[in-house]
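Understanding the architecture of this molecule
Below, each chain spelled out in residue letters.
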Amino acid sequence: MKGIAVGIVLAIAGLVLWLTTKEVETPIVSLHKAGLILAIIGGAEALFALLGLGKKANK
């Protein structure tokens, strides 16, 4: 359950960054792109946690 919660929080934070920082320019990292990557990683983490939970339930 912890992995699912962390994945959802990362995905939400990434979506907020992605949607709100399109015009913000930083010298090192684009916050818009970082938000998209964070959302993808968060979604993947939540998905893998759900799959792991499903495998445990089948045993």
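Described below are features of the structure shown in this document.

Definitions and limits used
- Residues numbered from 1 in each chain as written.
- Predicted model: local features only at pLDDT ≥ 70, side-chain atom pairs only at ≥ 80, totals over all residues.
- Heavy atoms only, no water.
- Helix = DSSP H or I, 4+ residues; strand = E, 2+ residues; numbered from the N terminus.
- Buried < 20%, exposed > 50% of the residue type's maximum accessible area, 1.4 Å probe, protein only.
- Contact = heavy atoms within 4.5 Å.
- Patch = residues over 30% accessible without salt bridge, like charges linked within 9 Å, V, L, I, M, F, W, Y side chains within 5 Å.
- Areas by Shrake-Rupley, 256 points an atom, 1.4 Å probe, with all protein chains shown as cover.
- Salt bridge = Lys/Arg side-chain N within 4 Å of Asp/Glu carboxyl O.
- Expected span 1.5 Å × (residues − 1).
- Arc of directions from axis to C-beta.

Before going further, it helps to examine the environment of Ala 39. Relative to the helices and strands, Ala 39 resides in helix α2 (residues 31-58). Given a relative accessible area of 15%, Ala 39 falls into the buried group. Each C-alpha atom, one on Ala 39 and one on Gly 7, is 8.7 Å from the other, the two residues being 32 residues apart in sequence. Ala 39 has contacts with Leu 10, Ala 11, Gly 14 and Leu 15, leaving out every residue within four places of it along the chain.

Attention now moves to a nonpolar patch on the surface. Where nonpolar side chains cluster on the molecular surface, the patch consists of Leu 15, Trp 18, Leu 19, Leu 36 and Ile 40 and spans about 480 Å² of accessible area. Listing elements by their share of the nonpolar patch, those giving two or more residues are α1 (2-20) and α2. Per element, the largest residue contribution to the nonpolar patch is three residues, and it comes from α1. Structurally, Trp 18 is set in helix α1.

Moving on: the side chain of His 32. By the element assignment, His 32 lies in helix α2. Beyond its immediate chain neighbours, meaning those up to four positions away, His 32 contacts Leu 17, Trp 18, Thr 21 and Lys 22.

Between the first and last C-alpha of α1 there are 27 Å, a value that for 19 residues agrees with the 27 Å anticipated at 1.5 Å per step. Looking at α1, one finds that the buried residues are Ile 4, Gly 7, Ala 11 and Gly 14. Viewed end-on, α1 has its buried residues packed into an arc of 100°, placing them on one side of the element. Turned more than 90 degrees away from the buried face of α1, the exposed residues are Lys 2, Val 9, Ile 12 and Thr 20. Buried positions along α1 lie against α2.

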